[in-house]
Every structure is written in C-alpha cells, then in structure tokens.
Amino acid sequence: MMNTYQLSIENNHLMISENGVKMLVDTGSPFTIARSGELSLMGDVHPVSQSLPMVGDVDSLCRLAELEFDCLLGLDVLSQYCMCIDMQGGTLTLSDEPIALDGGTTVALRGGGMYAQIALTIGGKQVNTVIDTGAPTAYVHHDISAGLASEGEREDFNPMLGGRFTTPIFSLDAEVAGLPFALKAGNLSSLESMMAMMGFTCVVGADLLKAFTVVFDFKNRQFILRPSQQ
C-alpha cells in the first residue's frame, strides 16, 4: 500500500492529515503522542501514548509550538513504513514497500530505533547527525560554531528545556555524501552531553528537507536524497 499526502508547512513544521487527524511529522521523537490511545494510518491501527514524561500531551505541545495539531507522529510509527518527503513539491508519501528515487544518492541510516542518524560534514567536521523532520532549526555542537559570528537569534521550543527559548544562529557549510547545502544552526549546550551519550552531536531538519527530496527506508537502513528542484 502507498499513500501520498499533501504537506502543510507551518513555521517549518511538516503536517499531514488522515481521517480528519492532523499530524506533525517528527522523526526526532522516538514516540508518537495522540489525543486517543490509538492512531489510524495507512489502513493500520497503531497503539500510541496520550502523554509522555518530560514531554506532556498533545495540548501542551500545541501550546509550546504555538500550532494546532492532533498527533505528534513519531519514529515508532513512521519506521514501520518507507517515507518520501518532497518539501518543495508539497508531498509526503508512505509505503509498505521501498520507494525508488531516480537519481538519488544513498547513504547509511544509522542509529537504533530511537533516532534516524546519518553522517554529515558540517563546518569541515564529519559528525553523526539526527535527521529530525520536527526541527525547524538545526543544532550543532558548540565546538563546531566556536569562533563564528552570530547572525542573530531564533526562537524555538523543546519540552525537555522547559518550553520556548532563543538561540544564536550561525551560518555553516554542510554536505552529505559530497552534496552541499546551506545550514543555519543554533546551539543546545545544555543537551550536548545527553546527545553525545546517544551517539550524535548535531540535529538537522528543515534546512536539509528544503535542499533535498529524501527517502527514509527504515527497513533497509538507507537514507536516499536528491537535490530539490528550486
């Protein structure tokens, strides 16, 4: 089975809807949170949480994000499918079978079931990076941005940091499998130790998704990307 959804982009967050349920697509969340204890997607019914410690429920997340949605669609559900995101084209496709991306470049999808990680080169350093479709702002280790001039500040939110916060923003050169893209990233200094324990040092989301059409092939542990048509 394959379904293609229209993407709604709200403050650089990806939204899809099925059966009247509006979902924020978030590969940076290991778990799905919905208003009820189950979620219908792709003809399947998934048992999901209604709230999580240190995260809260959907209503609290909506307040923090200053958005309206019914479900935070996390990796526990998304990883059961192959997913193609074409942010420039405004579509997201889910499939029970692998999705072909003509002209795409394939890299290894690292990490366990908790996070989707790939190797990126950022600021000349190769780093394990979480691909977080729920991250409107990228974050790099402070060592990578050290010595760079800030281009201002950006507001974001993270339940683990107690809500909304601001971060300085830096411009960095980034590439994946030799394909360059522009990255504007902040710092999450208070979470860097925890991130390192989980095997990654950076988080990238919207900047990568704007630059490339991507396929998450979770079953075959592959991440496929192709430069977007600008």
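Criteria and cut-off values
- Residues numbered from 1 in each chain as written.
- Predicted model: local features only at pLDDT ≥ 70, side-chain atom pairs only at ≥ 80, totals over all residues.
- Heavy atoms only, no water.
- Buried < 20%, exposed > 50% of the residue type's maximum accessible area, 1.4 Å probe, protein only.
- Helix = DSSP H or I, 4+ residues; strand = E, 2+ residues; numbered from the N terminus.
- Polar contact = N/O pair within 3.5 Å; in protein donor to acceptor, adjacent residues only side chain to side chain.
- Contact = heavy atoms within 4.5 Å.
- Pairing = 2+ DSSP bridges.
- Core = buried A, V, L, I, M, F, W, Y, C linked by side-chain atoms within 4.5 Å.

1. Focus on helix H1 (residues 58-65)
In terms of burial, H1 is a largely internal element, 6 of the 8 residues being buried. The complete set of buried residues in H1 reads Val 58, Ser 60, Leu 61, Cys 62, Leu 64 and Ala 65.

2. Thoughts on the side chain of Thr 167
Counting through the fold element by element, Thr 167 comes out in strand S18 (residues 163-168). On the basis of relative accessibility, which here comes to 2%, the residue Thr 167 falls in the buried class. For Thr 167, the side chain forms a polar contact with the main-chain nitrogen of Asn 187, separated by 3.0 Å. Not counting residues up to four positions away in its chain, the partners in contact with Thr 167 are Tyr 139, Gly 152, Glu 153, Arg 154, Gly 186 and Asn 187.

3. Some words on the sheet that holds strand S2 (residues 8-10)
Within the open sheet, the 5 strands sit side by side as S2-S3-S4-S10-S5. Their pairing is mixed. Edge strands, defined here as strands with exactly one partner in the open sheet, are S2 and strand S5 (33-34). Summarising the sheet, strand S4 (residues 21-25) and strand S10 (residues 71-73) pair through 3 bridges and their orientation is parallel. Its bridge partner lying in S10, Met 23 is registered against Cys 71.

4. Re the nonpolar core
Membership of the largest hydrophobic core comes to 51 residues, with the highest contact counts inside it found for Leu 73, Ile 122, Phe 181 and Phe 223. Per-element accounting of this core gives the leading share, 4 residues, to strand S19 (residues 170-176). Setting aside its immediate chain neighbours within four residues, Leu 73 contacts Ile 16, Met 23, Leu 24, Val 25, Asp 26, Thr 32, Leu 39, Leu 41 and Leu 78. The next biggest cluster of nonpolar side chains, apart from the first, holds 12 residues, and it includes Ile 33, Ala 65, Leu 67 and Phe 157.

This is a description of form; function is not addressed.
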